[in-house]
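Reading the structure
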Amino acid sequence: MESSKQTDWVARSLKSVWHPCTQMQHHETVPLVPVSHGRGAWLYDAEGRRYLDAISSWWVNLFGHANPRINAALKDQLDRLEHAMLAGFTHEPVITLSERLSALTGNVLGHCFYASDGASAVEIALKMSFHAWRNGGLSDKQEFVCLKGGYHGETIGALAVTDVPLFSDAYGPLLRRAHVVAAPDARAAQEGESAADVARRAARELEALLQERAGRIAAVIVEPLVQCAAGMAMHDPVYLAEVRALCDRFQVHLIADEIAVGCGRTGTFFACEQAGIWPDFLCLSKGISGGYLPLSLVMTRDAIYDAFYHSDIARGFLHSHSYTGNPLACRAALATLAIFDDDDVLNRNRVRGARLTQALAPLAAHRQVRHFRRRGMIWAFDAVVDPAEAATFSRRFFAAALQHELLLRPIGRTVYLMPPYVLDDDEIDGLAARTQSVFEQVVGT
Ligand SMILES: *Cc1c(COP(=O)(O)O)cnc(C)c1O
């Protein structure tokens, strides 16, 4: 009975739902999991089998599924105000959320502009940068710089600052491509070089570009500390300090895309804090609503805000989304921020993180594991596999992980863990042991 419900859901989904980031034909062999409910770090399928959500459902879920505190906040908000337009109107959740986030930057980034998804936040930052320069009389600044392997979303504008060959090969003709400079990926270290050396070397390439072209460049966009979609490529914080200094020197904006790395993921609330810098634009999404509702925002400085402040409507920022500042999403975000405070989350994650790192030590020593790395609540390593088997590694790993009650979805040959901030000791130890079992099942012992 239950089993036929599961089969039925899969068949109906494959017929009518076009799934994201999926070659649908692969579902002839790769399982599609119908989720019936979630609780804490676990997702349950229609047959009652469970899966530890070790990648936080694409990096969004911070405090587990069906979190009682976020649920309560949303139920309360639902009976007050589900939504109202944010042009000409305002409401308490969006005001308080803006104030609280600004305070987390010491009010350096004191102005919050809202949208619903990460790609839209990136579009907003790009448009705002260009328009701020134009309002200041520098209308030649129309170009952007991104990093090799950088990922900033998949709408046309965001794709233009995204360097993922699969996408640029497919949609390249539609894009106004950005300049691509070296990534500070610590794995690129040559004999005797430290991660900081790699970072400084990469910064010199950006310097050379700015020296030549800063008059035409509006902004540099980076994913601070971890280029996630590139395969959890990590870099030394000194890179961000170098880029900040270069942007100041050459009059170019710095956009920090903290959509994946913000909200405590790298160990501090904002990744930029670890470099002691603030960008001109900071994009947040994914974890900000606790993984409950689509919400994104761009935080910026007084100087940018002032560049738009005028009686002329065309000098104002021209951008809107129907669901801008949705009260339910903002309430979910406020409940999420409250958990950070009430549970001393950043400190407790240090303890959780140390335990998981230790539990993963045997796997890190496996002879087919390279570049085991960690930053905050992100762990990753590269699997050494036969070139002939590399293309299907991720899919085979995903399927094997399901058999071990794990949701894990490698990026190419990079296996990563990005768990929610709720794992207890048993879950941490189980996650490490099972990840090792899956790895050994897929590549051998
Ligand atoms: C996920 C992501 C985006 C895009 O966010 P969406 O909500 O998927 O549009 C942008 N930048 C980074 C760094 C991301 O990880």
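Here, the structure is the one placed above.
For clarity, every value in this text was computed on a predicted model and none was experimentally measured. (Residues numbered from 1 in each chain as written. Predicted model: local features only at pLDDT ≥ 70, side-chain atom pairs only at ≥ 80, totals over all residues. Heavy atoms only, no water.)

1. Things to note about the environment of Ser-139
Applied cut-off: The helix count covers DSSP runs of H or I at least four residues long, the strand count covers runs of E at least two residues long, and both are numbered beginning at the N terminus. In this scheme, a residue with accessible area under 20% of its type's maximum is buried, one over 50% is exposed, and one in between is partly exposed, where area comes from a 1.4 Å probe on protein chains only. Whether two residues are in contact is decided by their heavy atoms: any pair within 4.5 Å suffices.
With respect to the helices and strands, the residue Ser-139 is situated in the loop between helix H5 (118–135) and strand E5 (143–147). Residue classification places Ser-139 among the partly exposed positions, given a relative accessible area of 35%. Separated by 79 residues in the primary sequence, Ser-139 and Ala-218 have C-alpha atoms spaced 9.3 Å apart. Among all residues touching Ser-139, those that are not within four sequence positions of it are Phe-130, Trp-133 and Arg-134.

2. A look at the packing of helix H14 (residues 387–403) against helix H15 (residues 425–443)
Selection rule: Orientation is described by lines fitted to C-alpha atoms, with helices fitted over the stretch in contact, and by angles between N-to-C directions that extend from 0 to 180 degrees. In what follows, roughly perpendicular refers to angles from 65 to 115 degrees, roughly parallel to angles under 35, roughly antiparallel to angles over 145, and oblique to any angle outside these ranges. Two helices cross in a left-handed way if the nearer one is turned anticlockwise from the farther one by less than a right angle. They cross in a right-handed way if the turn is clockwise. Note on residue categories: nonpolar means Ala, Val, Leu, Ile, Met, Phe, Trp, Tyr, Cys or Pro, charged means Asp, Glu, Lys or Arg, and polar means any other residue, Gly included.
Running from N to C, H14 and H15 cross one another at 130°; their axes reach a closest spacing of 9 Å. One finds that H14 runs oblique with respect to H15. Here H14 and H15 pass one another in a crossing that is right-handed. Every residue of H15 that contacts H14 at Phe-393, Arg-396, Phe-397, Ala-400, Ala-401 and Gln-403 is listed here: Thr-435, Val-438, Phe-439, Gln-441, Val-442 and Val-443. Taken together, the residues that form the contact of H14 with H15 break down as eight nonpolar, three polar and one charged.

3. Brief notes about the environment of Leu-240
Tracing the sequence through the fold places Leu-240 in helix H9 (residues 238–250). The spacing of Leu-240 and Arg-200 is 40 residues in sequence and 9.8 Å in space, taken between C-alpha atoms. Residues contacting Leu-240, with those up to four places away along its chain left out, are Val-222, Pro-224, Leu-225, His-235, Ala-275 and Ile-277.

4. So, the packing of helix H8 (residues 195–213) against H9
One way to put it is that H8 packs onto H9 with a least axis distance of 9 Å and a crossing angle of 20°. Put simply, H8 runs roughly parallel to H9. The crossing of H8 and H9 is right-handed. Taken together, the residues of H9 that come into contact with H8 (itself represented by Ala-196, Ala-199, Arg-200, Ala-202, Ala-203, Arg-204, Leu-206, Glu-207, Leu-210 and Gln-211) are Val-238, Tyr-239, Glu-242, Val-243, Leu-246, Arg-249 and Phe-250. Considering only residue class, the contact of H8 with H9 consists of eleven nonpolar, one polar and five charged.

5. A short note on empty space enclosed by the protein
Applied cut-off: Grid points spaced at 1 Å and placed over the protein atoms alone form the basis of the search, with a cavity being a set where a 1.4 Å probe fits but cannot get out and a pocket an open set showing protein on both sides within 12 Å along at least five of seven lines. Lining residues have an atom within 4 Å of a point. Grid points are joined across faces, edges and corners, and a volume is the space filled by probe spheres set on the points.
Counting across every chain of the model gives one cavity of 30 Å³ or more. Taken as a whole, the largest cavity spans an internal volume of roughly 40 Å³. Lining the largest cavity are Leu-360, Leu-363, Phe-372, Trp-379, Ala-380, Phe-381, Val-415, Tyr-416, Leu-417 and Thr-435. Elements with a contribution of two residues or more to the lining of the largest cavity: strand E14 (378–383) and strand E16 (414–417).

6. Some details on the sheet that holds strand E4 (residues 111–115)
Rules: In short, DSSP must find at least two bridges between two strands for them to pair.
Strands sit in the order E4-E12-E11-E10-E7-E5-E6 across an open sheet of seven strands; the sheet is mixed. Here the strands that pair on one side only, and so sit at the sheet edges, are E4 and strand E6 (179–181). Here the average twist between neighbouring strands, direction ignored, is 20°. Strand direction decides the pairing type here: E5 and E6, joined by three bridges, are parallel. Bridging from a neighbouring strand, Cys-146 pairs with Val-180 of E6. Its contacts with the sheet place helix H4 (residues 92–104) against E4, strand E11 (281–284) and strand E12 (296–300), and it is angled at close to 125° to E4.

7. Brief notes about the pattern of salt bridges
Put simply, the rule reads: Here a salt bridge means any side-chain nitrogen of Lys or Arg lying within 4 Å of a carboxyl oxygen belonging to Asp or Glu.
This structure, assessed with the given rule, holds 24 salt bridges. With its nearest N and O atoms 2.6 Å apart, the salt bridge here joins Glu-143 to Arg-213. One end of the pair, Glu-143, is in strand E5; the other, Arg-213, is in helix H8, with 70 residues separating them in the sequence. On the basis of relative accessibility, which here comes to 18%, the residue Glu-143 falls in the buried class. Each of Asp-197, Arg-200, Arg-204, Glu-207, Glu-242 and Arg-249 takes part in salt bridges that share partners, so that together they form one network.

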